[in-house]
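Here are the chains, one letter per residue:
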Amino acid sequence: MANHKSAEKRARQTIKRTERNRFYRTRLKNITKAVRVAVEAGDKEAALNALKEANKSLHSFVSKGFLKKQTASRRVGRLAKLVNTLNAAA
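Cut-offs applied
- Residues numbered from 1 in each chain as written.
- Predicted model: local features only at pLDDT ≥ 70, side-chain atom pairs only at ≥ 80, totals over all residues.
- Heavy atoms only, no water.
- Helix = DSSP H or I, 4+ residues; strand = E, 2+ residues; numbered from the N terminus.
- Rg over C-alpha atoms; globule rule 2.2 N^0.38 Å.
- Buried < 20%, exposed > 50% of the residue type's maximum accessible area, 1.4 Å probe, protein only.
- Contact = heavy atoms within 4.5 Å.
- Lys, Arg positive; Asp, Glu negative; His and termini not counted.
- Charge placed at Lys NZ, Arg CZ, Asp CG, Glu CD.
- Expected span 1.5 Å × (residues − 1).
- Arc of directions from axis to C-beta.

1. A word on the overall build of the chain
A count of helices and strands for the chain gives 3 helices and 0 strands. For the chain, the sequential pattern of α-helices and β-strands runs α-α-α. For the chain, the C-alpha radius of gyration of 18 Å lies well beyond 12 Å, the compact-globule estimate for 90 residues. Taking the principal axes of the C-alpha coordinates as reference, the chain spans close to 65 × 25 × 15 Å. The proportion of buried residues among the 90 residues of the chain is 23%. Expressed as a percentage of contacts within the chain between residues at least 6 apart in sequence, the contacts between residues at least 24 apart total 62%. Across the chain, 23 positive and 6 negative side-chain charges occur, with their mean positions spaced 11 Å apart.

See the structure below:
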């Protein structure tokens, strides 16, 4: 247990930050999964909509400081590449 006032504050901040990061991590996984599931189902329109949502969300995570800019771009790029496999198959 924290003994100093500053240590107590740091403990409170850590709890808040952990909760916030858990929310973003879960959201990130769900967004990515939505794109992958749509691609596996072969639903081109749903995949494109999910990709659009993923792009928007991932870049908003960058502005909040949860992800680095390049990490978000890489993830969106990989998802876009996956969605483009539907175009090649059609």
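2. Section: the environment of Gly77
Looking at where Gly77 falls in the secondary structure, it is placed in helix H3 (residues 69-89). You can call Gly77 partly exposed: its relative accessible area is 36%. C-alpha separation for the pair Gly77 and Asn55, spaced 22 residues apart in sequence, amounts to 9.1 Å.

3. Quick notes on the side chain of Ser57
For Ser57, the position within the fold is in helix H2 (residues 44-64). Residue Ser57 is classed as buried on the basis of its relative accessible area of 7%. Ignoring sequence-local partners within four residues, the contact set of Ser57 consists of Arg27 and Ile31.

4. Here's the deal with H2
Taking 1.5 Å per residue, 21 residues should reach 30 Å; H2 reaches 30 Å between its end C-alpha atoms and fits that length. If you check which residues of H2 are buried, you get Ala47, Ala50, Leu51, Ala54, Ser57, Leu58 and Phe61. Buried residues in H2, looked at end-on, bunch into an arc of 140 degrees, giving them a common side. In H2, the exposed positions angled more than 90 degrees off the buried face are occupied by Glu45, Lys52, Lys56 and Ser63.

5. Brief notes about helix H1 (residues 5-41)
Along its 37 residues, H1 runs 54 Å from first to last C-alpha, staying within 8% of the 54 Å computed at 1.5 Å per residue. Within H1, burial applies to Tyr24, Leu28, Ile31, Thr32, Val35, Ala38 and Val39. Of the residues one or two after H1, Gly42 is the one with positive phi, at around 80 degrees.

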